[in-house]
Amino acid sequence: MLTPMSQQTQPARPVHPDDLFALDAVLEQDERDAARTVRAFCDDQLRPHAARWYVEGALPARDLAKALGGLGLLGMHLDGYGCPGTSAAMYGVACRELEAVDAGVRSLVSVQGSLTMTALHRYGSEEHKQEWLPAMATGEAVGCFGLTEPDAGSDPGSMRSTARQQPGGDWVLDGTKMWITNAPVADVAVVWARADTGSGERPRVHGFVVPLRTGGVGVTEVPRKLSMRASVTGEITLDGVRLPADAVLPGAQGLRGPLACLTEARFGIVWGTTGSLRDSLEVAVDYARERVQFGKPIGSFQLTQAKLADAAARYTTAFLLALHLARLKDGRVPGAQATPELVSLAKMDNARAALDVARSMRSILGGSGITADYSPMRHAANLETVITYEGTQEVHQLVVGKALTGLDAFGG
Ligand code: FAD
């Protein structure tokens, strides 16, 4: 005879969604090992400091870069030049663990490895690669990626920065780059500007390797941020900055270059958001089991369990979407690829899921949840940036909408 549900033995201890829904089980052994190594490093070196870095708005970015480089997390999925050359999936699980601490730490790694090092690796000359990649892989050198401008965000094609080639071959750069992660602590920037060779041809966007100590470069920190406080963000001004002829990245012409780097970096966001989502859920489960109101743990109330169940569903689907993308990116699905549209879909939906869950888990924490003692509200504030940078939610909706309908809605 069937035992009524109400009389069945209650589980003695809670089960983590990674086990309950066999998410850890679908990772391969080297991916599980990578996740464990990074998580142990995070627990030991990062998590104890995350709230303070956030509250004080002060990330020790250069020291952190060396520690992260020592662990092989900078330019992790790139080959050669001192880079570890791991699979995309291993890079993904590392991003998940880093953002489970704070999206600011994951941003440092994404901008260094997926944006700046990828631009140099893919489009740079042999000299650019030799000069910068080994030092950036160890974290001795820090890089940043300057695409956005005060008047050109979602529409980088409207950028105003210029690079004018002089008769001797040198370049002179003018313009302003805004919202540039790592800039105040960086040694080098890959700056995108309209290059005028003086030949009378229409200027096209090119990337330039700009050591930030060059004369005419100014960097100021963006003040008063309410999101990504454990990340260093800056504005770069270029005022008649003179660079040698070989400062230009030879392999990139037009916006396709920087946009391909962004597609690369969005992969890290897709995985990173599963980390902040998971951490919000874990914190709320622990709190709900301990906190007693009306004589019972608040985790025993049906409304609380509904929030937790919904969060677990969002985590599970976000994780599986991230893994699907990783398997495609690693060439593990014959005949299929990680298209930019899939990357847009995953970035859009995982960032949204993580933000929704962080807010909902914050509500389980009640008043305590608005302090820095608990992570969900910090994650929620960070995710306001994550849902905005590297393509806003709306821009990714337009990318997917265009593919679905064949109609381009970017112009309005
Ligand atoms: P806008 O483009 O002005 O958009 C404002 C609003 O209008 C948004 O809601 C947007 O979705 C909407 N919108 C725009 N166009 C359309 C349209 N066609 N249809 C419908 N809605 C539309 N950039 C870098 O180059 N390097 C970095 O390292 C970097 N780091 C960053 C770090 C932080 C903390 C932040 C906040 C930003 C960073 N960015 C960086 C910039 C980021 O990529 C831009 O903020 C983002 O692309 C949006 O641009 P915007 O802020 O100018 O907003």
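In this report, we go over the structure that sits alongside the text. (Residues numbered from 1 in each chain as written. Predicted model: local features only at pLDDT ≥ 70, side-chain atom pairs only at ≥ 80, totals over all residues. Heavy atoms only, no water.)

**A word on a nonpolar patch on the surface**
A surface patch of nonpolar side chains, about 270 Å² in accessible area, is lined by V15, L20 and F21. As for its position among the elements, L20 is in helix α1 (residues 17–20). (Patch = residues over 30% accessible without salt bridge, like charges linked within 9 Å, V, L, I, M, F, W, Y side chains within 5 Å. Areas by Shrake-Rupley, 256 points an atom, 1.4 Å probe, with all protein chains shown as cover. Salt bridge = Lys/Arg side-chain N within 4 Å of Asp/Glu carboxyl O. Helix = DSSP H or I, 4+ residues; strand = E, 2+ residues; numbered from the N terminus.)

**Thoughts on the environment of F41**
As for its placement among the helices and strands, F41 is situated in helix α3 (residues 29–56). Counting along the chain gives 56 residues from F41 to E97, while the straight-line C-alpha distance between them is 9.4 Å. When near neighbours in sequence (up to four residues on either side) are disregarded, F41 contacts L46, A67, L68 and L71. (Contact = heavy atoms within 4.5 Å.)

**A few points about the layout of surface pockets**
By volume, the largest pocket is sized at about 1400 Å³. What lines the largest pocket is a set of 44 residues, and nearest its centre among them are G153, L262, R266, E390 and G391. For the lining of the largest pocket, the secondary structure elements donating two or more residues are α6 (103–123), β5 (171–181), α8 (256–290), α10 (340–364), α11 (376–386) and α12 (393–405). Grouping the amino acids of the lining of the largest pocket by side-chain chemistry returns 19 nonpolar, 16 polar and nine charged. (1 Å grid on protein atoms, 1.4 Å probe; cavity = no way out; pocket = protein on both sides within 12 Å on 5 of 7 lines; lining within 4 Å. Points joined across faces, edges and corners; volume = space filled by probe spheres on them. Nonpolar A, V, L, I, M, F, W, Y, C, P; charged D, E, K, R; others polar.)

**Examining the nonpolar core**
Counting 96 residues, the largest nonpolar core has L46, L68, L98, L173, F208, I236 and W271 as the members making the most contacts within it. The leading source of residues in this core is helix α9 (residues 302–329), at twelve residues. With residues up to four places along the chain from it excluded, the contact list for L46 reads F41, W53, L64, L98, V101 and V105. Formed by 27 residues, the second largest nonpolar core is a distinct cluster that contains M117, L147, A152 and V209. (Core = buried A, V, L, I, M, F, W, Y, C linked by side-chain atoms within 4.5 Å. Buried < 20%, exposed > 50% of the residue type's maximum accessible area, 1.4 Å probe, protein only.)

**Details of the environment of G113**
Secondary-structure assignment places G113 in helix α6. In the structure, G113 is positioned 23 residues away from M136 in sequence and 8.1 Å away in space, judged by C-alpha atoms. What G113 contacts, discounting residues up to four positions off in sequence, is G75, L78 and T118.

**Observations regarding the site of the ligand**
Around the ligand, a shell composed of 16 residues is seen, among which T148, S154, W179, T392 and E394 lie nearest. The contact in question runs from a nitrogen atom of the ligand to an N or O atom on the backbone of F145, over 2.9 Å. One of the side-chain N or O atoms of T148 is found 2.7 Å from a nitrogen atom in the ligand. In isolation the ligand has 980 Å² of accessible area, and contact with the protein removes 68% of it. Using a 2 Å cut-off from the grid points, one finds that the ligand occupies the largest pocket. Put simply, the parts of the chain that give the shell around the ligand at least two residues each are β5 and α12. In the shell around the ligand, the residues fall into seven nonpolar, seven polar and two charged. (Near = heavy atom within 4 Å. Polar contact = N/O pair within 3.5 Å; in protein donor to acceptor, adjacent residues only side chain to side chain. Sits in = over half its atoms within 2 Å of the grid points.)

**A short note on the pattern of salt bridges**
Should their charged atoms come close, side chains of opposite charge can pair. Inspection of the entire model under this criterion finds 23 salt bridges. As a salt-bridge pair, E264 and R122 come within 3.0 Å of each other at their nearest N and O atoms. With E264 in helix α8 and R122 in helix α6, the pair connects residues that are 142 residues apart, well separated along the chain. A salt bridge links R242 to D170; the shortest N-O distance between them is 3.2 Å. With R242 in strand β9 (residues 233–243) and D170 in the loop between β4 (162–165) and β5, the pair connects residues that are 72 residues apart, well separated along the chain. Each of R39, R96, E97, R278 and E282 takes part in salt bridges that share partners, so that together they form one network.

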